[in-house]
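A closer look at the structure
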Amino acid sequence: MPSLPSTLKSARPGLIHVLAIGGAHQLPHIVPVACELERRHPGTVTVFVPRSADARAVRDLAATMGLPLPALVEMRLPKALNAVVPGFARKLARLVYWSPLLRDAEVILCAERTSTILPRLWKQCPPLVHIPHGAGDRAVGFEKRFELFDHVIVAGAKDRDRLLEAGLVTPENCTAAGPIKLAAMLRTGIHRAPLFANDRKIILYNPHFTKKLNSFDVFAKKLIEAVLRDGRYNLVVAPHVRMASRWSPARRREWEALAVPDRVIIDLGSPRCNDMTYTFGADLYLGDVSSQVYEFLVRPRPCLFVNAHDAQWHESEDYAMWHFGDVITPDADPIAAIDQAFADHRAYVAWQKERMRYSIGGLDWKPDGTPFLAGGDPIDLAADTVSRIAGFQPVPPMART
């Protein structure tokens, strides 16, 4: 095993191991909890990351929130092993290779489900706690591996109810703590710099990365061309960060070349794709099946969805989000559909708010539309749960004004 950083503590009862191995988009859902646990129980938390870039992102998040930084370990593989393991299998390879150390803790916390390999590898595995990243509706968010977790912490009643109905969790081992990422953003402030130096309305196009479900190949260029030709809107094309992560440099350059200053932003994976810059800053959400629509609707606004795969969606829980706005096919006129979505929004506001309250625990709005979280802070509630499972004595949350 590679030599470990000096910050890694020797194994002893009470350690909490946090697996932050699913990508930068997952970090805001789990790192705030890791940092809060480190504040309450100094010297007990270690965050495991696959790359130095992820370690930097963890440091940045801790600093932004003003919380202590846990110990960090980069899960490097031996050169010989790294050379033969294909890229898509490296997450699993890291888990297997590092598993003797990972299991030497009182509890393991993770934001992805590949980590369920650990209890299958080791009969004596510490409790595995899962915080899903996002509150989307796709069936993959409610799959069989949930049964392998000792506890699941979700964003709201919607996900808890669906997991219970599927028999994947029990009332005792599933906690609806609230939206951890949103709680972190509200702590640090939701105001962002303007995306464009003009007052045109901003369209956020946020296709999912799954090729068989998204609309990107059949709709993206058509949308860009239509927005530029029409001249009344700004456009942000910010797909799920996984979509372009394995594109060739040439393909990335081809798409990035379609950006137009103060008209069109093409963002294929910058930090602004993950920190709610675009979901807070846009006036209309245009997408397909990405869970980021739930981040967008923290402030109810018009939505528009592209059914690019002839989905029979009306009665399917997997497409519940498509009831937030109009649904079009790829051959629709993008501008006419956008105009109509703005005009139709009043008909969807009540349902957007009702569904968001069900999906995102504690979410409510001030009279001016500013979102806030009523009740307990999700980061504190999640940290309470992990602390209890790890056997720690209760520690009061940090006082905040």
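Our subject is the structure listed above.
The following paragraphs examine the structure supplied in this document. (Residues numbered from 1 in each chain as written. Predicted model: local features only at pLDDT ≥ 70, side-chain atom pairs only at ≥ 80, totals over all residues. Heavy atoms only, no water.)

1. Quick word on the overall build of the chain
Each helix and strand in the chain was counted, giving 14 helices and 15 strands. By the compact-globule yardstick of 21 Å for 401 residues, the chain fits well, its C-alpha radius of gyration being 21 Å. If one aligns the C-alpha atoms of the chain with their principal axes, the spans along those axes are about 65 × 50 × 40 Å. Look at the contacts in the chain between residues 6 or more apart in sequence, and 65% of them connect residues 24 or more apart. A total accessible area of about 17500 Å² is found for the chain, and carbon and sulfur atoms account for 53% of it. Each charge sign in the chain was given a centre, from 49 positive and 43 negative side chains, and these centres are 6 Å apart. (Helix = DSSP H or I, 4+ residues; strand = E, 2+ residues; numbered from the N terminus. Rg over C-alpha atoms; globule rule 2.2 N^0.38 Å. Contact = heavy atoms within 4.5 Å. Areas by Shrake-Rupley, 256 points an atom, 1.4 Å probe, with all protein chains shown as cover. Lys, Arg positive; Asp, Glu negative; His and termini not counted. Charge placed at Lys NZ, Arg CZ, Asp CG, Glu CD.)

2. Considering helix α1 (residues 27–40)
The terminal C-alpha atoms of α1, which comprises 14 residues, lie 20 Å apart, in line with the 20 Å expected from a rise of 1.5 Å per residue. Counting buried residues in α1 gives 13 out of 14 residues, a clear majority hidden from the surface. (Expected span 1.5 Å × (residues − 1). Buried < 20%, exposed > 50% of the residue type's maximum accessible area, 1.4 Å probe, protein only.)

3. Remarks on the packing of aromatic side chains
A complete count under the given rule lists 13 aromatic pairs for this structure. With a centroid separation of 5.9 Å and 10 degrees between ring planes, the pair formed by Tyr233 and Phe342 is classed as stacked. Taken together, the residues Tyr233 in strand β9 (residues 233–237) and Phe342 in helix α12 (residues 334–344) connect sequence positions 109 residues apart. When the centroid spacing of 5.5 Å and the interplanar angle of 80 degrees are considered together, the rings of Tyr294 and Phe324 count as edge-to-face. Here Tyr294 is found in helix α11 (residues 292–296), whereas its partner Phe324 is found in the loop between β12 (303–306) and β13 (326–328), with 30 residues between them in sequence. A relative accessible area of 0% places Phe324 in the buried class. One aromatic cluster in this structure is built from Tyr285, Phe296, Phe305, Trp313, Tyr319 and Trp322. (Phe/Tyr/Trp six-rings, centres within 6.5 Å; stacked < 30°, edge-to-face > 60°.)

4. Some details on the sheet that holds strand β2 (residues 45–49)
The strand order β3-β2-β1-β4-β5-β6-β7 describes an open sheet built from seven strands, whose pairing is parallel. Edge positions in the open sheet fall to β3 (71–74) and β7 (174–176), since each of these has one partner strand only. Within the sheet, the average angular offset between the axes of one strand and its neighbour, ignoring direction, is 20 degrees. The pairing of strand β6 (residues 151–154) with β7 spans three bridges and is parallel. (Pairing = 2+ DSSP bridges. Axes fitted to C-alpha atoms, helices over the stretch in contact; angles between N-to-C directions.)

5. Describing empty space enclosed by the protein
As enumerated under the stated definition, the model contains two cavities of 30 Å³ or more in all. By volume, the largest cavity is sized at about 230 Å³. Lining the largest cavity are 21 residues, with His29, Gly134, Ala155, Pro179 and Ile360 positioned closest to its centre. Sorting the residues of the lining of the largest cavity by element identifies β6, α7 (180–188) and α11 as the ones contributing at least two each. Partitioning the lining of the largest cavity into residue classes produces 13 nonpolar, five polar and three charged. One number sums up the size of the second largest cavity: a volume of about 60 Å³. (1 Å grid on protein atoms, 1.4 Å probe; cavity = no way out; pocket = protein on both sides within 12 Å on 5 of 7 lines; lining within 4 Å. Points joined across faces, edges and corners; volume = space filled by probe spheres on them. Nonpolar A, V, L, I, M, F, W, Y, C, P; charged D, E, K, R; others polar.)

6. Overview of the side chain of Asn234
Structurally, Asn234 can be placed in strand β9. If we ignore the near neighbours within four places in the chain, the residues touching Asn234 are Phe196, Asn198, Arg200, Lys201, Ile202, Ile203, Asp262 and Arg263.

7. Observations regarding the packing of α1 against α7
At a minimum axis distance of 7 Å, the contact between α1 and α7 shows a crossing angle of 70 degrees. By the angle class used here, α1 and α7 are roughly perpendicular. As for how α1 packs across α7, the hand of that crossing is left-handed. Here α1 contributes Pro28, His29, Pro32 and Val33 to the contact with α7, which in turn contributes Ile180, Lys181, Ala184 and Met185. (Parallel < 35°, antiparallel > 145°, perpendicular 65-115°, else oblique. Left-handed = near helix turned anticlockwise from the far one by under 90°.)

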